[in-house]
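# Examination of the molecular architecture
Residues per chain, in single letters:
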Amino acid sequence: MYDDPTTPVVVTGIEELTTIRVPSGRLVVDAPWHDDQVWEYQRGLPTRPPRELAVRIPPGVYRVEIAWTAGPYEFMGEHVDGVECAATRLCISDDPVVGWEMGLSVEDDIARLQPGEEPRFFSDANVGCFADAGAWTTLSAPFRTFIDDGVPAPRDSEELADGCERVRDESQRADLVTFGAESGGVVWLGRTKTGDVAAIVVTSGMPDAKA
């Protein structure tokens, strides 16, 4: 929305979306489905693994929050004020964050990154999710069922605010929570002065977007 990096953008509020159970301590941050794998979904064939973070967190129940921003932009020649989700945060603890680092996946190799490159996930449907990695197959299944012409089938999920959803796996007491992620997202880890992870934040948009 904000193409000019000098445009003032104001955080208007932090909204608690829901809570999520992560009993395995392993976290997926990815799109719940990928359009380029619909053929495999429809035929029950293997698909690529989800983007699981390399960092582990203590098993537990955590808050999921959305940060809203407001700023001016131009639409069809008119200047208007807009509001959008700037970031989604998984709150691991309330301890102060003293530094941020990229949230690498188990398959990322920091030595192979090009200067300025950010490890990220992509989403053609503009949807990302947090999910317990140990229950990923069950939790993601409702999003990976398609009917004719690649149209997603209706799914049994809990509707949350702002078009988000939550799927529960009661057999493993684990959850998946979706959130808006335009074109996907970059994952950041907020660490405390002791080195513990206090927050996992996803910022969305294309790699060259300015926000």
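Everything numeric here is computed off the predicted structure, so don't read it as measured data.

## So, the overall build of the protein chain
When its secondary structure is counted, the protein chain shows 2 helices and 12 strands. Secondary structure elements of the protein chain occur, N-terminal to C-terminal, as β-β-α-β-β-β-β-β-α-β-β-β-β-β. Every one of the 211 residues in the protein chain was classed for burial, and the buried ones make up 41%. Roughly 11,500 Å² of accessible area belongs to the protein chain as shown, and the carbon and sulfur atoms make up 51% of that amount.

## Notes on the sheet that holds strand β10 (residues 174-180)
One open sheet accounts for 5 strands, arranged β2-β7-β10-β9-β8; its pairing is antiparallel. Each having just a single partner strand, β2 (27-30) and β8 (158-159) make up the two edges of the open sheet. Bridge count between β8 and strand β9 (residues 165-169): 2 bridges; the pairing is antiparallel. Counterpart to E158 in the pairing with β9 is R166.

## Overview of the nonpolar core
Membership of the largest hydrophobic core comes to 25 residues, with the highest contact counts inside it found for I20, L27, V29, L53, L90, F130 and I200. Within the residue set of this core, elements represented by two or more residues are β1 (10-22), β2, β3 (60-75), β10, β11 (184-191) and β12 (197-204). Setting aside residues no more than four positions away along its own chain, L90 makes contact with I20, L27, I57, Y62, R63, V64, F130, A198, A199 and I200. With 16 residues, the next largest nonpolar core counts Y41, C129, W136 and L176 among its residues.

## Remarks on unusual backbone geometry
The phi angle at R173 is positive, at roughly 50°, despite the residue not being glycine. Position of R173 relative to the elements: it lies in the loop between β9 and β10. Unusually for a residue other than glycine, S183 sits at a positive phi of about 65°.

## Describing the confidence of the model for the protein chain
Confidence in the prediction of the protein chain, expressed as mean pLDDT, is 86, and 82% of residues score 70 or more. Per-residue pLDDT, averaged within each element of the protein chain, yields its smallest value for strand β4 (residues 78-91) (74) and its largest for β2 (98). Every residue in residues 206-211 is under pLDDT 50, and counting partners more than four places away or in other chains gives 7 contacts.

Cut-offs used in this document
- Residues numbered from 1 in each chain as written.
- Predicted model: local features only at pLDDT ≥ 70, side-chain atom pairs only at ≥ 80, totals over all residues.
- Heavy atoms only, no water.
- Helix = DSSP H or I, 4+ residues; strand = E, 2+ residues; numbered from the N terminus.
- Buried < 20%, exposed > 50% of the residue type's maximum accessible area, 1.4 Å probe, protein only.
- Areas by Shrake-Rupley, 256 points an atom, 1.4 Å probe, with all protein chains shown as cover.
- Pairing = 2+ DSSP bridges.
- Core = buried A, V, L, I, M, F, W, Y, C linked by side-chain atoms within 4.5 Å.
- Contact = heavy atoms within 4.5 Å.
- pLDDT = per-residue confidence, 0-100.

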